[in-house]
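Residue-level listing of the chains:
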Amino acid sequence: MNKSLSVIVPCFNEEEVINETYKRLKAVLITLDLNTEIIFINDGSSDNTEHLLNEFTLTDKNIKIISFSRNFGHQKAVTAGLNHCTSDMAVIIDADLQDPPEVIPEMIKTMIESNSQVVYCVRKSRKGEGIFKKLSAKAFYRLLNFFSEVRLPVDTGDFRLIDKSIIREFNQMHEKGKYIRGLVSWIGFKQVPFYYEREARFAGETKYPFSKMLKLATTSLLYFSTKPLKLASALGFFSVAFSLILGVWSVLGKLMGYTHASSGWTSLFVLIIFFGGVQLLTIGIVGSYIGNLFDEIKNRPEYIIDKKVNFETKEDGKSE
Ligand code: UDP
Ligand code: MG
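To start, this report covers the structure provided alongside it. Predicted model, so just to flag it, every value in this text is computed and none were measured. (Residues numbered from 1 in each chain as written. Chains lettered and ligands numbered in written order. Predicted model: local features only at pLDDT ≥ 70, side-chain atom pairs only at ≥ 80, totals over all residues. Heavy atoms only, no water.)

1. Let's talk about the overall build of the chain
Part 1 of the argument: The number of helices and strands found in the chain is ten helices and eight strands.
Part 2 of the argument: Principal axes of the C-alpha set define a box for the chain whose edges measure 90 × 40 × 35 Å.
Part 3 of the argument: Long-range contacts, defined here as pairs at least 24 residues apart, represent 81% of the contacts in the chain between residues at least 6 apart.
Part 4 of the argument: Of the roughly 17,000 Å² of accessible surface on the chain, 63% is carried by carbon and sulfur atoms. (Helix = DSSP H or I, 4+ residues; strand = E, 2+ residues; numbered from the N terminus. Contact = heavy atoms within 4.5 Å. Areas by Shrake-Rupley, 256 points an atom, 1.4 Å probe, with all protein chains shown as cover.)

2. Some remarks on empty space enclosed by the protein
Part 1 of the argument: Counted according to the given criterion, the structure contains one cavity of 30 Å³ or more.
Part 2 of the argument: In this structure, the largest cavity occupies an estimated 60 Å³ of space.
Part 3 of the argument: As for the largest cavity, its lining consists of Tyr141, Leu144, Leu152, Pro153, Thr156, Arg160, Tyr179, Arg181, Gly182 and Ser185.
Part 4 of the argument: Among the secondary structure elements, those contributing two or more residues to the lining of the largest cavity are α5 (131-147), β6 (156-163) and α7 (180-187).
Part 5 of the argument: Classifying every residue of the lining of the largest cavity gives five nonpolar, three polar and two charged. (1 Å grid on protein atoms, 1.4 Å probe; cavity = no way out; pocket = protein on both sides within 12 Å on 5 of 7 lines; lining within 4 Å. Points joined across faces, edges and corners; volume = space filled by probe spheres on them. Nonpolar A, V, L, I, M, F, W, Y, C, P; charged D, E, K, R; others polar.)

3. So, helix α8 (residues 210-224)
Part 1 of the argument: Taking 1.5 Å per residue, 15 residues should reach 21 Å; α8 reaches 21 Å between its end C-alpha atoms and fits that length.
Part 2 of the argument: Taken together, the buried positions of α8 are Leu216, Ala217, Thr219, Ser220, Leu222 and Phe224.
Part 3 of the argument: The inward-facing, buried residues of α8 abut α3 (74-83), α5, α7 and α10 (265-298). (Expected span 1.5 Å × (residues − 1). Buried < 20%, exposed > 50% of the residue type's maximum accessible area, 1.4 Å probe, protein only.)

4. Considerations on the packing of α8 against α10
Part 1 of the argument: Running from N to C, α8 and α10 point in directions that differ by 90°, and their axes come no closer than 11 Å. When the axes of α8 and α10 are compared, the pair comes out roughly perpendicular. Across from Leu221, Leu222 and Tyr223 in α8, the residues of α10 making contact are Ser288, Tyr289, Asn292 and Glu296. (Axes fitted to C-alpha atoms, helices over the stretch in contact; angles between N-to-C directions. Parallel < 35°, antiparallel > 145°, perpendicular 65-115°, else oblique.)

5. Some words on helix α9 (residues 227-256)
Given 3.6 residues to a turn, an α-helix orients residues that are three or four positions apart in the same direction.
Part 1 of the argument: Taking 1.5 Å per residue, 30 residues should reach 44 Å; α9 reaches 43 Å between its end C-alpha atoms and fits that length.
Part 2 of the argument: Among the residues making up α9, those that are buried are Pro228, Ala232, Ser239 and Gly253.
Part 3 of the argument: Contact partners of the buried residues in α9: α5 and α10.
Part 4 of the argument: Gly257, located one to two residues past α9, shows a positive phi value of around 80°.

6. Topic: the pairing of β6
Part 1 of the argument: Among the eight residues in β6, eight count as buried, and that is most of the element.
Part 2 of the argument: Pairing analysis gives four bridges linking strand β4 (residues 89-92) to β6, with the strands arranged antiparallel. Residue pairing for β6: Ile92 is matched across the bridge by Arg160.
Part 3 of the argument: Relative to β6, strand β5 (residues 118-126) runs antiparallel, the two being bridged by four bridges. Pairing of Val118 across the sheet is with Ile162, part of β6. (Pairing = 2+ DSSP bridges.)

7. A short note on the site of ligand 1
Part 1 of the argument: Surveying the vicinity of ligand 1 reveals 19 residues, the closest of which are Glu14, Asp96, Gln98, Thr206 and Lys207.
Part 2 of the argument: At 2.7 Å from a nitrogen atom of ligand 1 is found a side-chain nitrogen or oxygen belonging to Asp43.
Part 3 of the argument: In this structure, an oxygen atom belonging to ligand 1 sits 2.6 Å away from a side-chain N or O atom of Asp96. (Near = heavy atom within 4 Å. Polar contact = N/O pair within 3.5 Å; in protein donor to acceptor, adjacent residues only side chain to side chain.)

8. Brief notes about unusual backbone geometry
Part 1 of the argument: Although it is not a glycine, Asn13 adopts a positive phi angle of roughly 50°.
Part 2 of the argument: Its place among the elements puts Asn13 in the loop between β1 (4-11) and α1 (18-29).
Part 3 of the argument: Even without a glycine there, the phi angle at Asn115 is positive, about 55°.
Part 4 of the argument: Relative to the assigned elements, Asn115 resides in the loop between α4 (104-114) and β5.

9. Let's talk about the pattern of salt bridges
Part 1 of the argument: The final tally for this structure, using the stated rule, is 17 salt bridges.
Part 2 of the argument: One salt bridge connects Asp88 with Lys164, and the closest N-O pair in it is separated by 3.2 Å. Here Lys164 lies in helix α6 (residues 164-170) and Asp88 lies in the loop between α3 and β4, a separation of 76 residues in the sequence.
Part 3 of the argument: Sharing partners across several salt bridges, the network here consists of Glu50, Asp306 and Lys307. (Salt bridge = Lys/Arg side-chain N within 4 Å of Asp/Glu carboxyl O.)

10. Re the sheet that holds strand β7 (residues 191-198)
Part 1 of the argument: A sheet is described by the order of its strands in space; here eight strands give the open sequence β7-β5-β6-β4-β1-β2-β3-β8, paired in mixed fashion. A strand with exactly one partner marks an edge of an open sheet, and here the two such strands are β7 and β8 (305-309). Across the sheet, the mean angle from the axis of one strand to that of its neighbour is 20°, orientation sign disregarded.
Part 2 of the argument: Sheet topology places β1 next to strand β2 (residues 35-42); eight bridges connect them, and they run parallel. Along β2, the bridge assignment pairs Leu5 with Thr36.
Part 3 of the argument: In the packing of α4 onto the sheet, contacts are made with β1, β4, β5, β6 and β7, and the angle to β6 comes to roughly 55°.

Now the structure itself:
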């Protein structure tokens, strides 16, 4: 029997690109000797995306749609797709054609030849993206690797091919703050890179404004490392050592007469803001972890589904 492949496509207000995405994906999928389906996740779009997706299902029964009750974010949308995936393999791909669907057959070939469980796509270049996005992404992936306790491949998005064992393990993970590319690395097995040219967005605007990028960055940092906490302790240790030396020096100086304490406004001011800064930073770091604990402990579902199209059973989702 043929193996099966699901293509997971998160969509948030993608009316300008979704027709083209469907067309290009379909053109690739029909060339494959596999049973294929596309799972579109409509992440609370307020434009015509849902209507366009529904139109695809009129002529194509291998299209599935999961519509969220509101915008839950890209990582939740991909999570929902994986939670509903029963195929032997899955490709996670953006809806905006920055990740070219035409490389999917080569990714599958790479997976078979290398006998691996994950083929992750590494961006050789990023077209059509501003200098700020490129530099911040580059710096971020390297900083994250410095902090992280597992090695995370750099310059890699969620565009990847994963097999059934990875999907199964991923679906066992119940943390709410998901950084999918990190979790896939964390799962392990054999993972091989696949180099590709990242295209410019086909149409429309990025759906990842700075605020969403920052949220993804903090989730990845806080969920993959306790090093910021160690950094906070190190800062505390450094300030105590520094203040002890300074304390001894100034007391001795007063006794022996080599300091002139009355002229110390500047040094006092600098010390107060320095230690104040260290304390606030430390509280901030601890607070971020507590905030995440708070979110996890509430144990709310990761996403709420409004509608599902072309799914056989009602029970195949994790949360409704
Ligand atoms: N996306 C989503 N929910 C969001 C934001 C983005 O499902 O809240 C989808 C979006 O439709 C696209 C993918 O995530 O398919 C990546 O988004 P985008 O291309 O805007 O990000 P960029 O490539 O600019 O980082
Ligand atoms: Mg994009």
